[in-house]
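Chain by chain, the residues run as shown.
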Amino acid sequence: MIMDIKCFDALYARLEDLKKCAVRGNLGVSAFFSPKESYIAEDYLKKSGMSYIAYGGYDDAERKRFYILPEYMEEISSPNSFEEYGYSLKIDIISALGSGFEKITHRAVMGAVLALGIERDVIGDILIKNEKEALIFCDSAMTSFIIENLERVGRDKVTLKKLEHGTKISFERRFLTVTDTVASARLDCVVSALCSFSRERARVSILSSLVELNYDCEERPDKEVTVPSIISVRGVGKFKVLSLSDKTKKGRYRLVAEKYI
């Protein structure tokens, strides 16, 4: 997988603007980045030597805002310290509570929010709390607009309210542990084990652009998988590769991964 810098010029330009903001002594705050954008942004910022914090409003958020730190804030390790310097996260959490007439789903909530004409990057994660309630993480500047205009999710009427700042969000992402042994760290070997595919089917899937490695399409079956890595296989699911180093007595590698469920 080779990321073509031209494909991400807009993202790099936004990061450069945030870096300039930090150099001037202010906190640079991005929009919500997708997992793929976050992966690229982290690599870019690490190489640039800039200090930053990536946070989406709760631990283990998938969609995150990047906060580029000015020099006098470089020792900060938690976004909870921003207020000491006069800054806020600029993230609000909105509760969308239905009547129970219809089960609330992530797809329905996202569709209802975007139907208001809102850009995707001002919305963070959407967590389904239960069959009646969803939590919407959003840019604080859009909170009032969403509350005033979002009336229905699917066919159900919803009641919206902003949660108090500091509200603890308890959300545990669920995984299914996958273990196996593979002949090598080649992508086709790993995909074969993760998806219970034959080696040939794994190879064809990769060549058919059905496999992403670290959020970018990878079409080389012999690409070596390093740890940690995220592998997505269309029609099967997303996996986090945790270990791929220990060898068995037969010389095979022990694969340990988690499948998102």
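Preceding block: the structure.
Residues numbered from 1 in each chain as written. Predicted model: local features only at pLDDT ≥ 70, side-chain atom pairs only at ≥ 80, totals over all residues. Heavy atoms only, no water.

## Looking at the packing of helix α5 (residues 187-195) against helix α6 (residues 199-207)
Part 1 of the reasoning: In the contact formed by α5 and α6, the axes pass within 8 Å of each other and the chain directions differ by 115 degrees. By the criterion of interaxial angle, the relationship of α5 to α6 is roughly perpendicular. Here α5 runs over α6; the crossing is right-handed. Between α5 and α6, the residues in contact are Leu 187, Asp 188, Cys 189, Val 191 and Ser 192 and Arg 199, Ala 202, Arg 203 and Ile 206, respectively.
Part 2 of the reasoning: A class-by-class count of the residues in the contact of α5 with α6 yields five nonpolar, one polar and three charged. (Axes fitted to C-alpha atoms, helices over the stretch in contact; angles between N-to-C directions. Helix = DSSP H or I, 4+ residues; strand = E, 2+ residues; numbered from the N terminus. Parallel < 35°, antiparallel > 145°, perpendicular 65-115°, else oblique. Left-handed = near helix turned anticlockwise from the far one by under 90°. Contact = heavy atoms within 4.5 Å. Nonpolar A, V, L, I, M, F, W, Y, C, P; charged D, E, K, R; others polar.)

## Comments concerning the packing of helix α1 (residues 9-23) against helix α2 (residues 35-48)
Part 1 of the reasoning: At a closest axis distance of 11 Å, the pairing of α1 and α2 adopts a crossing angle of 50 degrees. Of the possible angle classes, the one that applies to α1 and α2 is oblique. Where α1 crosses over α2, the handedness of that crossing is right-handed. The segment α1 lies against α2, with Leu 11, Tyr 12, Arg 14, Leu 15, Glu 16 and Lys 19 engaging Glu 37, Ile 40, Ala 41, Tyr 44, Leu 45 and Ser 48.
Part 2 of the reasoning: Among the residues making up the contact of α1 with α2, the classes are represented as seven nonpolar, one polar and four charged.

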